[in-house]
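Chain by chain, the residues run as shown.
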Amino acid sequence: MDILALLSGGLLEALQPINLLLIILGVTLGLFIGMMPGLGSVNGVAILLPITFLVPPASAIIFLAAIYYGAMYGGAISSITLGIPGASTAVATTFDGRPLAMKGKASLALVTAAVASFVGGTVSIVLFTAFAPLLASVALSFGSPEIFALMLLAFATFVGLGGDDIPKTILSICLGLVFAAVGFDEISGAPRLVFLDISGFLHGINFLVLAIGVYGIGEMLWTLDTTRGKITSTEAKMSLKGIVADTKQSLVEGWRGMTIGSFLGFFVGILPAAGATPGSLMSYGVAKLMSKKPESYGQGNPDGVAAPEAANNSASTGSMLPMLTLGIPGSPTTAILLGGMVIWGLTPGPRLFAEQPEFVWGLIGSFYVSNFFALVVNLSFIPLFIWMLRMPFTILAPMIFVLSIVGGYAATKDMHDVWLMLGFGLSAFFLRKFDYPLAPAVLAIVLGPIAEPTLRQSLLLSSGDPMIFLNRPIAGPITVIAIILILLPLLKVIKNKMSSSGMKNA
Amino acid sequence: MRRGEFITAGILAVLSIYMMWKSTELDVGYISGEGPGGGAWPFWLSAIMLVCTGLIAYNAVRRTSPPSQSTEPVLDAEGRKTLIQVFGGIFAFVALVGIISMYGAMMVFLFYYLWFLGRHSLKLSAAIALITPVVFFFFFEALMRVTMPKGMGFTEPLFNWLNTIIY
């Protein structure tokens, strides 16, 4: 009951006129920052952190939370309208959001993203309020083997349910994972895979360089080639009636994804060093795994938009849990928020809930209010985003190329990466011609930096025995499901051969 | 397309072998007390890639993959022309960044694409090509404090003047 009183106090605090103004300003700024490829919530929060020293800590954190939420919503917009993920958290949204937009259903995709984000945010607040201390202890029991098993499951869903050529899918995953390993070996500190001894590879390959190369440049070249430049963008239309109808449709067609994303995203968000990106990618994979029509994913299934969008918002709240209870940030943005809290004289850790309950629940309350206003601001901007989509393709295409180049540079501030992005774009164009699925490579480069260290730590823990992934109570079942999924295509082939030989014999 | 499928698989096989070889610069085995060596993860992943390229080539021999069944060319004459014009424009854009700045290169590219490839009017092409870099400049440099490449020395007076507006 005390918690509820504190939470409602936090909600009332967030609804103060000055705080409300900061929330609306924050979500609008966040929306546009999140939309811009190369910039994400981390940039917005980091850049605007000093401004918050001008207002009291409670208002400051409310403003930053509003930017954080706004950016979470914004990332989806460029994924859907332009086909370029605005941030790593919106990579999975591109898989189905872009095909929906290309089918003239951009408004459905945008509304689904907004509604799912709101649902994810709401569920996460409820989970946070009810189970914060319990979940923190469960998350702590997740060691390296469990986290690696989760990563394996994410890759396995692409292999088992991809519907694409299996060797090409596996090759795509491995390519993304190897690219993620470029730079320095984290354990020994030695340079690794510095291709042709070019020094630009020393800082690794940022996932955005590959994602923008594939989706921004490769995809656009492919669209121009297949349509011979004779398309006038999509035929998306928008009206108030349309938004209401789309909201209804998004709830009907995306409820499964929203539910999975809200719960799974929250839990993955809690895991230290995980956060919203793996949360959204895994939710996409699990939604596909549990769907009756897994083959419709990647073709423009609203569930494929709902799952990652609900998950990334839910994970944002989830990642606050280790930050507040243990002082461990779950994402780069929460790391900056943590820094802000230290500057404001607050010490994150187990004692924070006891010593500063007003601050903690005020923060959670502000998250909820921000989440609501992010939905309102986002829905009111949808006509603008649709208008962008209805621009003639000969204007939209060069704008996307410009955004890709600028976004690629903004991500790493290195021209080497822009050249690399061009290379990836051209390669993606040709690989797509030969039916190589490229989404698994993007997924792998995002999850690679988590997968490799957890595998190595696990094997070190077991003195090289891979059975560690099977004989632990949490990791075991997850690994078994992953193995079954990987073997699923092989089992299908055997089944088909047996049934065809049976028919011959008959 | 079938020949293209073999060539692509071949290029990826060479890339896999190269990455395996690069991985061996670090230990690819298990080091007692330290766990898997720094090269093990990329080495074995590249090895899996190599196996996959073999399977892709095998499927192409059996003509089971859609590209290996297709008799169409990878790129016809018009496709080649589009690719050269568009990708060539992007390539020139990136090459110009170091000379006339990110914003200058953006302006040239937009004008080239809109006017020459898009066949839009001179007025519209010039307006978009001029306004977009200015909006990007104020968004990135003033609001986000992200500095873009400014090109060679001769662009300095212009950017100094623009900076006086920001600061």
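Residues numbered from 1 in each chain as written. Chains lettered and ligands numbered in written order. Predicted model: local features only at pLDDT ≥ 70, side-chain atom pairs only at ≥ 80, totals over all residues. Heavy atoms only, no water.

## Considerations on the overall build of chain B
Looking only at helices and strands, one finds 6 helices and 2 strands in chain B. From first element to last, N terminus to C terminus, chain B shows the α and β order α-β-β-α-α-α-α-α. At 24 Å, chain B has a C-alpha radius of gyration far larger than the 15 Å of a compact globule built from 167 residues. Expressed as a percentage of the 167 residues in chain B, the buried residues total 45%. (Helix = DSSP H or I, 4+ residues; strand = E, 2+ residues; numbered from the N terminus. Rg over C-alpha atoms; globule rule 2.2 N^0.38 Å. Buried < 20%, exposed > 50% of the residue type's maximum accessible area, 1.4 Å probe, protein only.)

## Description of the overall build of chain A
Per the secondary structure count, chain A includes 20 helices and 2 strands. Computed over C-alpha atoms, the radius of gyration of chain A comes to 22 Å, within 12% of the 23 Å expected from 2.2 N^0.38 for 506 residues, which places it in the range of a compact globule. Dimensions along the principal axes, computed over C-alpha positions, put chain A at roughly 75 × 60 × 55 Å. Long-range contacts, defined as pairs at least 24 residues apart, comprise 77% of the intrachain contacts of chain A with a sequence gap of at least 6. Per element, the accessible surface of chain A, about 18100 Å² overall, is 70% carbon and sulfur. Side-chain charges of chain A comprise 25 positive and 24 negative groups, with the mean position of each set lying 13 Å from the other. (Contact = heavy atoms within 4.5 Å. Areas by Shrake-Rupley, 256 points an atom, 1.4 Å probe, with all protein chains shown as cover. Lys, Arg positive; Asp, Glu negative; His and termini not counted. Charge placed at Lys NZ, Arg CZ, Asp CG, Glu CD.)

## Side note on the interface of chain A and chain B
Contact residues are listed per partner, giving 68 residues for chain A and 68 residues for chain B. Both sides together, the interface formed by chain A and chain B hides about 5800 Å², and carbon and sulfur atoms give 81% of it. In this assembly, chain A and chain B are joined by 2 salt bridges. The salt bridge involving D197 of chain A is made with K22 of chain B; its shortest N-O contact spans 3.5 Å. Of all the secondary structure elements, the ones that give two or more residues to the side of chain A that touches chain B are α2 (17-35), α3 (41-48), α8 (166-180), β2 (191-192), α9 (207-227), α17 (393-412), α18 (415-433) and α19 (439-461) of chain A. Top contributing element to the side of chain A that touches chain B by residue count: α17 of chain A, with 12 residues. Here the residues of the side of chain A that touches chain B sort into 51 nonpolar, 4 polar and 13 charged. (Buried area = accessible area lost by both parts, 1.4 Å probe. Salt bridge = Lys/Arg side-chain N within 4 Å of Asp/Glu carboxyl O. Nonpolar A, V, L, I, M, F, W, Y, C, P; charged D, E, K, R; others polar.)

## Thoughts on the packing of aromatic side chains
When we look at a pair of aromatic rings, we describe it by the centre distance and by the angle of the planes. Under the counting rule described, the total for this entry stands at 27 aromatic pairs over all chains. Each ring, one from Y18 of chain B and one from W21 of chain B, has its centre 5.9 Å from the other, and the planes form 40 degrees; the classification is tilted. Of this pair, Y18 of chain B and W21 of chain B both sit in helix α1 (residues 2-23), separated by 3 residues, roughly a single helical turn. The partly exposed category is assigned to Y18 of chain B, whose relative accessible area is 22%. Linked through ring pairs, F95, Y215, Y284 and Y297 of chain A together constitute an aromatic cluster. For K168 of chain A, the ring lying beneath its charged end belongs to Y436 of chain A, and the centroid distance is 4.9 Å. The cationic tip of K150 of chain B hangs over the ring face of F159 of chain B; the distance from NZ or CZ to the ring centre is 5.5 Å. (Phe/Tyr/Trp six-rings, centres within 6.5 Å; stacked < 30°, edge-to-face > 60°. Lys NZ or Arg CZ within 6 Å of the ring centre and 35° of its normal.)

## Section: the domain arrangement of chain B
Segmentation of chain B into domains returns domain 1 (2-69) and domain 2 (77-166). For domain 1 of chain B versus domain 2 of chain B, the separation of C-alpha centres amounts to 39 Å. (Domains from an automatic or database assignment.)

## Let's talk about the nonpolar core
Counting residues in hydrophobic clusters, the biggest one holds 211 residues, and the most contacted among them are L324, F401 and I405 of chain A together with F140 of chain B. Residues from two domains meet in this core; each of domain 1 (2-69) and domain 2 (77-166) of chain B gives at least three. In this view, F401 of chain A contacts G216, I217, M220 and L224 of chain A together with V86, I90, F109 and Y113 of chain B; residues no more than four positions away in its chain are not counted. (Core = buried A, V, L, I, M, F, W, Y, C linked by side-chain atoms within 4.5 Å.)

## Describing a nonpolar patch on the surface
Together, M467, L470, V480, I483, I484, L487, L490, L491, I494 and M498 of chain A make up a nonpolar patch on the protein surface, roughly 890 Å² of accessible area in all. Mapped onto the elements of the fold, L490 of chain A is located in helix α20 (residues 475-505). (Patch = residues over 30% accessible without salt bridge, like charges linked within 9 Å, V, L, I, M, F, W, Y side chains within 5 Å.)

## So, the state of the cysteines
Considering all chains together, one arrives at 0 disulfides over all chains under this definition. Cysteine C174 of chain A is unpaired, with the sulfur of C52 of chain B as its nearest cysteine sulfur at 5.9 Å. With a relative accessible area of 4%, C52 of chain B lands in the buried category. (Disulfide = S-S within 2.5 Å.)

## Observations regarding the pattern of salt bridges
All names here are of chain A. This model, assessed by the stated rule, comprises 12 salt bridges over all chains. We note a salt bridge from R456 to D185, for which the minimum N-O separation is 2.6 Å. You can see R456 sitting in helix α19 and its partner D185 sitting in the loop between β1 (183-184) and β2, a full 271 residues away along the chain. Of the two residues, R456 and D185, both sit in the buried class. A salt bridge links R456 to E452; the nearest nitrogen and oxygen atoms lie 3.0 Å apart.

## Observations regarding unusual backbone geometry
Residues and elements named next belong to chain A. We note that D435 has phi near 60 degrees; this positive angle belongs to a residue other than glycine. Relative to the assigned elements, D435 resides in the loop between α18 and α19. Classification of D435 as partly exposed rests on a relative accessible area of 36%. Of note, S463 is a non-glycine position whose phi angle comes to about 55 degrees, a positive value. You can call S463 exposed: its relative accessible area is 59%.

## Here's the deal with the packing of helix α5 (residues 122-143) of chain B against helix α6 (residues 156-166) of chain B
Residue and element names in this part refer to chain B. Running from N to C, α5 and α6 point in directions that differ by 65 degrees, and their axes come no closer than 11 Å. Crossing of α5 over α6 shows right-handed handedness. Between α5 and α6, the residues in contact are F137, F138, E141 and A142 and F159, L162, N163, I165 and I166, respectively. Here the contact of α5 with α6 is composed, by residue class, of 7 nonpolar, 1 polar and 1 charged. (Axes fitted to C-alpha atoms, helices over the stretch in contact; angles between N-to-C directions. Left-handed = near helix turned anticlockwise from the far one by under 90°.)

## Comments concerning the environment of V14 of chain B
The residue V14 of chain B is located in helix α1 in this model. Taking C-alpha positions, V14 of chain B is 9.6 Å from T53 of chain B, a pair spaced 39 residues apart along the chain.

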